[in-house]
Amino acid sequence: HRRHAAAHLGVGSGMANFGVNISGLSDLLRIERIDLPGEIKQAMDTAMEDGEDALKEAINTRGTGREWTRPWGASGRTGSSPGRVDTGEMLTKAKGATTNVARHEVDGVLGWPEDSEEYIAYQDQGFEHVITGEYIEGMMALRDSAELAERSLVNELENIARKF
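For clarity, every value in this text was computed on a predicted model and none was experimentally measured.

## Things to note about the overall build of the protein
- A count of helices and strands for the protein gives five helices and six strands.
- The 164 residues of the protein split such that 34% are buried.
- Considering only residue pairs separated by 6 or more positions, the protein has 61% of its internal contacts joining residues 24 or more positions apart.
- Just so you have it, the protein exposes about 9600 Å², and 49% of that area is on carbon and sulfur atoms.

Right, here's the structure in full:
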């Protein structure tokens, strides 16, 4: 009798989607000494928290590498600093969360909501500056934090598997 669990990761322009499906582990679900769906949810919660922390750290620390000054703007910020925080909106909207918990499946998302401002994707993926024409390198924060969250999720799932 073969047992199977599947985990998947998909990364789009503003959101990374995670999923764990344990439908192939029906026999293990009958074991009463462990709440497997609850354990998987906790694993996803941990991975999404780790991913959110990494995403926010990248926003706070991965600057453009260029110095600039700007004596205008809503934030009052007048020059470059480490990271890409200006108004704080990109940082505030960065989230990792478990989104679906069912008997055989747990899903999570990491990144920014679909209705987020376009500049967030530009800052993350890179863009050509409309005024200077220079290419501004992206932070790649979503890609890197999604990879970290995936490693965290796999590690958590391996810890669960060791209980059997």
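There's plenty left to go through after this.
## A short note on the pairing of strand β3 (residues 95-101)
- Strand direction decides the pairing type here: β3 and strand β4 (residues 105-111), joined by six bridges, are antiparallel. Bridging from a neighbouring strand, Asn 100 pairs with Asp 107 of β4.
- Taking the residues between adjacent antiparallel strands as the criterion, β3 and β4 are bridged by three residues.

## Comments concerning unusual backbone geometry
- One non-glycine residue, Met 140, lies in the positive phi region at around 60°.
- Here Met 140 is to be found in the loop between β6 (135-137) and α5 (141-161).

## A few points about the pattern of salt bridges
- Counted according to the given criterion, the structure contains six salt bridges.
- Between Asp 144 and Arg 62 there is a salt bridge whose closest N-O contact spans 2.7 Å. With a gap of 82 residues between them, Asp 144 in helix α5 and Arg 62 in the loop between α2 (36-61) and α3 (89-93) connect regions that are remote in the sequence.
- For the salt bridge of Glu 117 with Lys 93, the shortest nitrogen-to-oxygen distance reads 3.2 Å. With Glu 117 in the loop between β4 and α4 (118-125) and Lys 93 in helix α3, the pair connects residues that are 24 residues apart, well separated along the chain.
- By relative accessible area, which is 31% here, Glu 117 ends up partly exposed.
- Counted as one network, the salt bridges with shared partners bring together Arg 62, Arg 143 and Asp 144.

## Concerning the packing of α2 against α5
- One can describe the packing of α2 onto α5 by two numbers: an axis separation of 8 Å at closest approach and a directional angle of 155°. Classified by the interaxial angle, the pair formed by α2 and α5 is roughly antiparallel. Considering the relative orientation of α2 and α5, their crossing is right-handed.
- Of the residues contributing to the contact of α2 with α5, the split by class is 16 nonpolar, four polar and three charged.

Analysis parameters
- Residues numbered from 1 in each chain as written.
- Predicted model: local features only at pLDDT ≥ 70, side-chain atom pairs only at ≥ 80, totals over all residues.
- Heavy atoms only, no water.
- Helix = DSSP H or I, 4+ residues; strand = E, 2+ residues; numbered from the N terminus.
- Buried < 20%, exposed > 50% of the residue type's maximum accessible area, 1.4 Å probe, protein only.
- Contact = heavy atoms within 4.5 Å.
- Areas by Shrake-Rupley, 256 points an atom, 1.4 Å probe, with all protein chains shown as cover.
- Pairing = 2+ DSSP bridges.
- Salt bridge = Lys/Arg side-chain N within 4 Å of Asp/Glu carboxyl O.
- Axes fitted to C-alpha atoms, helices over the stretch in contact; angles between N-to-C directions.
- Parallel < 35°, antiparallel > 145°, perpendicular 65-115°, else oblique.
- Left-handed = near helix turned anticlockwise from the far one by under 90°.
- Nonpolar A, V, L, I, M, F, W, Y, C, P; charged D, E, K, R; others polar.

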